[in-house]
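Structural characterization, general
Next come the chains, spelled out residue by residue.
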Amino acid sequence: MTNQTNSTSSQMTPPLYPAKTKAQVTLIFFIVIGFYLFSMIWTQRQMVGGFADALGNMGVVINKFFPPNLSVIPAVWDPMAQTIQMAIIATTVAAILTVPLALLSAQNIATFKPIYIMTRTFLNILRTIPDLVLAVVFVGLFGIGLFPGIIALIIFSLGILAKLISETIESVDMNPLEAMRASGGNVFQVIYYGLVPQVLPQFASFVLYVFEINIRASVVLGLVGAGGIGLVLDQQLGFYNYPNVMAIIILIFIVVLIIEYISNKLREALI
């Protein structure tokens, strides 16, 4: 009797996903796979010589880059330091500017809809502009150097940080804030005593994360004249000094790894 009851209940148990949902997921899966296959075939057709020649050219390139000329590293420490300074300044300024923008773009804080929509739209526009395009524009305005790179990184970082922080603000517990408002607290008191303690660890973590991104981005921005180690790297590539280029790449790789390690340890301590 027990076995019969168990078999009956198992037959009446509905499936985890409806048949329609399974069919839709399967269809989407095959569409995505087909898109990837089409992209691979089309890319292969656009390559001169295909992947076979690319592998052969890889060996030629490696022979040009190795062995690296490590004696050039002492001469590029200053540009490397400038790259780090660019990232520090840009991240610091962006973190300061992010505070009011993140508050105005958080729906639970900015209760006045027009301001919320305007701030959100402004941040969305900032995020649509690539950092390389910003660097090209500001290099054209201010000339080659660190200043256009810093401005480009500030705008680039602002779009990322404000979005991350505003979403963090929207997910906080609103009960302490409502209690402070009910007890007569003004806007600044509610934000400082009710919101900041909840958001501060995530805020610090996101700032460190954006700093890591800016270290890598500042290297790329130097290729279009925004200063730092990227500018030196572009010059060496233009002179076909491939051993020097490889030494600079190794230096950038080591510096980025060290900064990421320190940043990860700080984030683990904060969260």
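Let me sum up the structure you'll find in this document. (Residues numbered from 1 in each chain as written. Predicted model: local features only at pLDDT ≥ 70, side-chain atom pairs only at ≥ 80, totals over all residues. Heavy atoms only, no water.)

1. Here we look at the overall build of the protein chain
Counting its secondary structure elements, the protein chain contains eleven helices and zero strands. Along its sequence from the N terminus, the protein chain presents helices and strands in the succession α-α-α-α-α-α-α-α-α-α-α. A total of 271 residues make up the protein chain; the buried ones form 36% of that total. Here the contacts in the protein chain between residues at least 6 apart in sequence split such that 75% fall between residues at least 24 apart. When the accessible surface of the protein chain is totalled, it reaches about 16,700 Å², and 71% of it is carbon and sulfur. (Helix = DSSP H or I, 4+ residues; strand = E, 2+ residues; numbered from the N terminus. Buried < 20%, exposed > 50% of the residue type's maximum accessible area, 1.4 Å probe, protein only. Contact = heavy atoms within 4.5 Å. Areas by Shrake-Rupley, 256 points an atom, 1.4 Å probe, with all protein chains shown as cover.)

2. Here's the deal with helix H4 (residues 77-104)
If you check H4, its first and last C-alpha atoms are 41 Å apart, about what 28 residues at 1.5 Å a residue would give, namely 40 Å. Along H4, the sharpest kink reaches roughly 35 degrees, centred on Thr-98 and followed within four residues by the proline Pro-100. (Expected span 1.5 Å × (residues − 1). Bend = angle between axes of the 7 residues up to and from the residue.)

3. A word on the packing of aromatic side chains
This model, assessed by the stated rule, comprises two aromatic pairs. Both rings, one in Phe-35 and one in Tyr-36, keep their centres 6.3 Å apart while their planes meet at 65 degrees; by these two values the pair is edge-to-face. Accessibility classification places Phe-35 together with Tyr-36 in one group, the exposed group. (Phe/Tyr/Trp six-rings, centres within 6.5 Å; stacked < 30°, edge-to-face > 60°.)

4. Here's the deal with the packing of helix H6 (residues 131-142) against helix H7 (residues 146-170)
Direction vectors running N to C along H6 and H7 enclose 145 degrees, while the axes themselves pass 8 Å from each other. Every pair of crossing elements has a handedness; the one defined by H6 and H7 is right-handed. Contacts from Asp-131, Leu-134, Ala-135, Phe-138, Val-139 and Phe-142 of H6 reach H7 at Phe-147, Pro-148, Ile-151, Ala-152, Ile-155 and Phe-156. Class assignment for the residues of the contact of H6 with H7 results in eleven nonpolar, no polar and one charged. (Axes fitted to C-alpha atoms, helices over the stretch in contact; angles between N-to-C directions. Left-handed = near helix turned anticlockwise from the far one by under 90°. Nonpolar A, V, L, I, M, F, W, Y, C, P; charged D, E, K, R; others polar.)

5. Some remarks on the side chain of Glu-212
Looking at the element boundaries, Glu-212 is found in helix H9 (residues 187-221). The exposure class of Glu-212 is buried, given its relative accessible area of 8%. Dropping the residues within four chain positions of it, Glu-212 is found in contact with Glu-260, Ser-263, Asn-264 and Arg-267.

6. Thoughts on the environment of Ile-249
Take Ile-249: it is sitting in helix H11 (residues 242-270). By relative accessible area, Ile-249 is classed as partly exposed at 37%. Once the C-alpha coordinates of Ile-249 and Ile-229 are considered, the two residues, 20 residues apart in sequence, prove to be 9.6 Å apart.

7. Let's talk about the nonpolar core
Membership of the largest hydrophobic core comes to 22 residues, with the highest contact counts inside it found for Val-76, Met-80, Ile-215, Ile-229, Ile-248, Leu-251 and Ile-252. Listing elements by their share of this core, those giving two or more residues are H4, H9, helix H10 (229-238) and H11. With sequence-adjacent residues up to four places away left out, Ile-248 is seen in contact with Val-76, Ile-229, Val-232, Leu-233 and Gln-236. Listed in part, the 20 residues of the second largest apolar core include Ala-102, Leu-103, Ile-191 and Leu-195. (Core = buried A, V, L, I, M, F, W, Y, C linked by side-chain atoms within 4.5 Å.)

8. A look at the packing of helix H5 (residues 113-128) against H7
The interhelical angle for the contact between H5 and H7, taken along N-to-C directions, is 135 degrees, at an axis separation of 8 Å. Between H5 and H7, the angle is such that the two are oblique. Like other packed secondary-structure pairs, H5 and H7 cross with a definite hand, here left-handed. Residue-level contacts link Tyr-116, Arg-120, Leu-123, Leu-126 and Arg-127 of H5 to Ile-155, Leu-158, Gly-159, Ile-160, Ala-162, Lys-163, Ser-166 and Glu-170 of H7. Here the residues of the contact of H5 with H7 are counted per class, giving seven nonpolar, two polar and four charged. (Parallel < 35°, antiparallel > 145°, perpendicular 65-115°, else oblique.)

9. Quick notes on the side chain of Thr-168
One can find Thr-168 in helix H7. A polar contact of 2.9 Å, which involves the side chain of Thr-168, links it to the backbone oxygen of Leu-164. Beyond its immediate chain neighbours, meaning those up to four positions away, Thr-168 contacts Val-199, Gln-202 and Phe-206. (Polar contact = N/O pair within 3.5 Å; in protein donor to acceptor, adjacent residues only side chain to side chain.)

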